[in-house]
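Structural overview
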Amino acid sequence: MSAERPIGPTVSPPREEIPSLPEVVRFLVRTRWWILGGALAAALGTALVIGLLLPPRYRSVATLVVAPPRLPGDLRPSELPVQGYERLLASDTVLAETRRRLVEEGVLEPDEELGVGGRLEVRLVVAERTETPLAPTLELVAHDDDPKAAAAIANAWAEAFLGLARDLAGESLVATGELAQEELGRATAEIARLQAALAALAEERGEELLGIQAVWDRRAARAAAAWEERIAERRAQTTERLAAYAEESRRLLEELARSEGAAAGVPASPLAEIVRLRARLAETPQVVVLAREQGPLGALQRAEELNPLHAETVVRADEAERKVLDGLAADGGTRAAAAERLLRRLERLQRERSAGYRALQEEGIDAIGDLRRQAAAEAATAERRRALALEAAERRYGSRQEALLRDLRASEELERRYVPNVLGARLAKTAEGFAEVRLGSAARPAPAPEPRGALPKAVAAAILGALLGLAAAVVRELARSPKPVAR
Amino acid sequence: MILFIVGTCLAILLAVHHLWVAGGRLVFGPETIFLVLAAGTYVASALSATPRSEPYALYIGAGIAAYLLGTMASKVALRFDHRRELSRFRQASWTDDLHGARMAAVAALAALAAAVTVAYFAALGFYVPLAALETLLEKGPQEMMLRYNELRSLTSSAGRYLGLGYVSQFKDCLLPLTTLLLFFRWRLVRNRSSLVAFGLLLIVSLAAAIGTGARFGVALIGASLVFLGLAPYMHPLRFTRRQIVIVCAAAMVLLSALTLMMGARGQKTLDVPVLWAPYQIVERVFVLPSQQRLLVYEKFLADEPPRWGRGAIAELSQILPGRPPELTLTNRLHELLFGGPHGNVSLDPWGSLWYDFRWFGIPLAGVLGFLMNAYYVWLLRGPKSLTRVVTVAYAGVLLGMATDLHVLVLFGFVTCFLFLGVVRAVEWLGRLQRLHEERAGRLLSPGG
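Bear in mind the structure is a predicted one, so any value in this text is a computation, not a measurement.

Attention now goes to the overall build of chain A. Of regular secondary structure, chain A possesses 9 helices and 6 strands. Counting across all 487 residues of chain A, residues that qualify as buried make up 36%. Of the contacts made within chain A by residues no fewer than 6 positions apart, 79% connect residues no fewer than 24 positions apart. Carbon and sulfur atoms form 58% of the exposed surface of chain A, whose accessible area is close to 28400 Å².

Printed below as a string of structure tokens:
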């Protein structure tokens, strides 16, 4: 205690007015003989009274176990709380029946008293070792001077009670069984109806899902065809434009050759061949763009390769130009230079037109690619909508099916519950054992008289005696003069 | 409409009471607790009343008004200045009881309460949470809840032979009270031994609390309210706002868990969101009881002649030992509402007043308000010792929460004062010894 350290500014050591524990202990030690004497006297007195004056009594116990019925069902006789059984055990009917049996057996005299609180006692315990763990158990306790009589009383009491409980349960079961029979019929009909409804629902569901699939398939096919048509149209348009562009290139080349060919002194026939070759080169790309479609309306995969036709045409154009230039060079240098200039202009014009042609071609390819992408996006959206439509339908049918299944389970549960009641009602007319409470063990004559609780009573008396002794000691202490002692 | 007007008048009276009688403070004295419960009951009753039960709701409203006037009369008669009294209270030293005979008596009684609790569970033969846990592992939560409630009812049934009413005085009253006292002591002395003593007792208290279920809810609320009511005014303890919040949160969590375990009335599943538990507590405290009692009024109380106090005495006499079992009023009310007499539906204070005194109960509610406030004044003005103040405050919380005299005794109101009496008696023995030693000293001294 010395290590204790009060906190805070207002905490102060214990004031002297409060007595300490040692002071109390010293008082108790000082008055110990009063306290112990009181305790001892009371304990001894109690023990002597119990030992010498009370006659030996025998105690027999019959046990009733409150357990779930063997045939469960909601319409079984309503379960009484255990206190209900206690009250039933103490009822006049059961006690009168017990008395009648005991008088017949000669255990009791007709005018002998028999009542709960006197020779009979009901105890509620929780049995741990029965088939139903922690099942409430009623102990029917009978006290008597004769061990055999005590056992007979306990057993007669239990039998009288079980007889009454059985009658009550049987009557209740027969009455409720008729009701259960009707309810069972209704439940069975309801189950059949619900099963038929479930089958119809499954069929309806299949049909609707197939219908949704068909509608969306048709829509997808229509959309794909429309897109293919637009792509083909665009492709034709591109081809047409390219053809017109090539024609214009030819025309421009021919005009240039016609206007300046004579002045340059290039012979008409080779010049026409060169123009024809240049015109071909203007519409023949140097590389070939290969576009591969990935699936119907899929995106285009592009690849480029050198165009052999272009290479061949270039070679032939070069040969034709060389022949013209060689022929002119043999005739004289002036005409050769002019021809050379014309041919280079033709080549430049052809290159310009080639670039234009290539751009036009690229534009067409891009446009078709765009169209394909749009088609693919539209197809994906349509696919998502189809999935949503299917899911919504599935969910709608799922909830309807779930509701039907829930009803079906409830009806099956009802049927499952009613069957035992119907059976129980039928059996109740002939069989036994439907009471919620049954005999756990019969009473037997006790080999030794029951303990009379001498020790606990003596201990209780000792505590009371000690308190009385303490009170006496306090009175004695107070009887002394509290004033200061006279000098 | 009339109920709304009465409610508005009550709100005004409550505001006056709060500002004038309570000095603008929320104090957890008996009269405040009673008032909070009564106001909640009135609101719930007014919202649920039918034309037939409307007079009963009006009766409650009138009773609350009389109660409030009674507390105001008490303030005037006793010259009670809340601010001044609390100021004096705050200046008191709480260290007298930390050592010596008083605390030794408290410790001894705490040990006795713990021993009785342990012996009770040993005699009962099973421990509800363990059995429920076993069921949970074997059969799942639904079965566990049913088993929990079944075992709870078994404890009270079996308890008839184990003296549950008497055990309850130790288990549900003395144990929380002494735990609370040891908690305050630990807060004041702050050493290891006091912490160990408090910790051990707390473990036993909590184990006992969940061992049988229901009554501990009251003890827990009581202990928490005492803590909340006293903590701000006991200077050396210096509780922080955080500590108070932690205590409140712990109490709320435990109560919610117990509520969920027990399930709402009529509810057979555990499929209840955990966050609903506080609402369920409100529902259990205000809504359901009010609806029940309106029904009780319609079916029973409305046509009953007044008993002039015999009803309360009959209920009170049930606690005497050796009485043969008989159907009490609470059993009959249970039968009336639920079809079987094996359960209890108790009347609230207003129902008890109506049952015994009819409309004469309204002036008695005023007397009740006077006495409740006087009790609180006595708590503040009396000797400022830790044992006395905590015990009287705890008993005051029980007083504020009790629905009738019978319940008040069962909750341990009388036990609290017996406890205080034993503590005083032990101290008195020490004084006698001191007197004796002083006398012996004078005799032996040279001047004697």
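On the surface, Leu455, Val459, Ile463, Leu464 and Leu467 of chain A cluster together to form a nonpolar patch covering roughly 520 Å² of accessible area. Mapped onto the elements, Leu464 of chain A comes out in helix 9 (residues 454–479).

What follows concerns the nonpolar core. All names here are of chain B. Judged by nonpolar contacts, the single largest core of 108 residues is most densely connected at Ile64, Leu301, Trp350, Val390 and Tyr394. In terms of residue count, the dominant contributor to this core is helix 8 (residues 164–189) (12 residues). Setting aside its immediate chain neighbours within four residues, Ile64 contacts Leu10, Leu35, Ala38, Ala39, Tyr42 and Trp350.

In this fold, Glu85 of chain B is placed in helix 4 (residues 82–91). With near-sequence residues (within four places) excluded, Glu85 of chain B lies in contact with Phe80, Leu380 and Arg381 of chain B.

Next up on the list: the packing of aromatic side chains. Residue and element names in this part refer to chain B. Under the definition given, this model contains 21 aromatic pairs over all chains. Pairing Phe34 with Tyr67 gives two aromatic rings, centres 4.6 Å apart and planes at 25°, and the pair type is stacked. Residue Phe34 is found in helix 2 (residues 30–48), and its partner Tyr67 is found in helix 3 (residues 54–77); the two are separated by 33 residues along the sequence. Comparing Phe34 with Tyr67 shows no difference in burial state: the two are buried. Ring geometry for Tyr297 versus Trp354: centroids 5.4 Å apart, planes at 75°, classification edge-to-face. Taken together, the positions of Tyr297 in helix 12 (residues 277–299) and Trp354 in helix 15 (residues 349–357) put the pair 57 residues apart, joining distant regions of the chain. An identical accessibility class is assigned to Tyr297 and Trp354; each is buried. Aromatic rings pair up to connect Tyr56, Tyr59, Tyr297, Trp354 and Trp359 into one cluster.

So, how was this worked out
- Residues numbered from 1 in each chain as written.
- Chains lettered and ligands numbered in written order.
- Predicted model: local features only at pLDDT ≥ 70, side-chain atom pairs only at ≥ 80, totals over all residues.
- Heavy atoms only, no water.
- Helix = DSSP H or I, 4+ residues; strand = E, 2+ residues; numbered from the N terminus.
- Buried < 20%, exposed > 50% of the residue type's maximum accessible area, 1.4 Å probe, protein only.
- Contact = heavy atoms within 4.5 Å.
- Areas by Shrake-Rupley, 256 points an atom, 1.4 Å probe, with all protein chains shown as cover.
- Patch = residues over 30% accessible without salt bridge, like charges linked within 9 Å, V, L, I, M, F, W, Y side chains within 5 Å.
- Salt bridge = Lys/Arg side-chain N within 4 Å of Asp/Glu carboxyl O.
- Core = buried A, V, L, I, M, F, W, Y, C linked by side-chain atoms within 4.5 Å.
- Phe/Tyr/Trp six-rings, centres within 6.5 Å; stacked < 30°, edge-to-face > 60°.

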